[in-house]
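# Close look at the chain arrangement
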Amino acid sequence: MDLPTIISITENSIDLDQFLTQVTSPSTGAAAMFTGMVRGETKLGKAHETEYLDYEAYGPMAEAKMQQIADEIRQKWPSVEGIVIVQRIGRLFPKTPTVLIICTAAHRDTGVFEAAHYGIDRLKDIVPIWKKEVGPDGEFWIEGHHIQRSGE
Amino acid sequence: MNKIKVYLFATLRDYAGLKTIDMEIPNNTTIAGLKSLLVKTYPKLAPVHDSMMAAINREYASDEQILPLGAEIALFPPVSGG
């Protein structure tokens, strides 16, 4: 059986429909999609406004780690058919999708929600991508909370 | 001597003012040794000396790992993609 895996670091806009089509096969009956976007107004914690985010990636390692995440998803949820993991980089403005995770399967109760959730959490933990936030208060690099360790 | 290439990202690149550094270092230098060497050469990196992550040939590496000959090294702050 054909099990498509699509991994991409791109400067182009993320076409949600097009990626979904690429991981939909005749046996697919369910897709869990997660997309994150630039938040222009943050209300939780320290309330602030964001003008834009500048994303950068260590391309070759980022793609290798995204492939590793897809492999981990297939090990944990063997019923997952198609996987999409996309990160957009460059200068991204509020309301713009920055990241996309899709997991498809024959049925919804076979782990697709959990698989997509795992995918985005893992991407934030181990894929070498960074973002600088620019707003009315100046610019600063955002640092993740996870410490990457050897073997991850 | 070991000829390596070091890639810097995010805050580290801003502090050092460089994207890549070609270096010749003694054989059997560890990641910890490399970090100290870099902070000596680029004192502006001192504030992030203890928090920088490292990768050897595109895999995460710990401080005690030895740099292989001709390695591709990357140093960066904790990742923040998504």
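A brief look at the structure comes next. (Residues numbered from 1 in each chain as written. Chains lettered and ligands numbered in written order. Predicted model: local features only at pLDDT ≥ 70, side-chain atom pairs only at ≥ 80, totals over all residues.)

### Description of the overall build of chain B
Along the backbone of chain B there are 2 helices and 5 strands. Listed by position from the N terminus, the elements making up chain B come as β-α-β-α-β-β-β. Over its C-alpha atoms chain B spans a radius of gyration of 12 Å, differing by no more than 12% from the 12 Å that the globule rule assigns to 82 residues. Once the C-alpha set of chain B is aligned to its principal axes, its extents read approximately 35 × 25 × 20 Å. Here chain B holds 82 residues, and 35% of them are scored as buried. Within chain B, contacts between residues separated by at least 24 positions form 57% of all contacts whose residues are at least 6 apart in sequence. (Helix = DSSP H or I, 4+ residues; strand = E, 2+ residues; numbered from the N terminus. Rg over C-alpha atoms; globule rule 2.2 N^0.38 Å. Buried ≥ 20, exposed ≤ 12 C-beta atoms within 10 Å, placed from the backbone. Contact = placed C-beta atoms within 7 Å.)

### Focus: the overall build of chain A
Across its full length, chain A holds 3 helices and 10 strands. Seen in sequence order, chain A has helices and strands lined up from the N terminus as β-α-β-β-β-β-α-β-β-β-α-β-β. What you see for chain A is a C-alpha radius of gyration of 16 Å, in line with the 15 Å of a compact globule of 152 residues. Taking the principal axes of the C-alpha coordinates as reference, chain A spans close to 50 × 35 × 30 Å. Out of the 152 residues in chain A, the part that is buried amounts to 32%. Taking contacts inside chain A between residues at least 6 apart in sequence as the whole, the part at least 24 apart equals 71%.

### Here we look at the environment of Ile 120 of chain A
Secondary-structure assignment places Ile 120 of chain A in helix α3 (residues 112–126). In the structure, Ile 120 of chain A is positioned 21 residues away from Val 99 of chain A in sequence and 8.5 Å away in space, judged by C-alpha atoms. Ignoring sequence-local partners within four residues, the contact set of Ile 120 of chain A consists of Phe 34, Val 99 and Ile 101 of chain A together with Gly 82 of chain B.

### Some words on the interface of chain B and chain A
Facing the 19 residues of chain B at the interface are 29 residues of chain A. For the side of chain B that touches chain A, the residue count by class is 12 nonpolar, 6 polar and 1 charged. (Nonpolar A, V, L, I, M, F, W, Y, C, P; charged D, E, K, R; others polar.)

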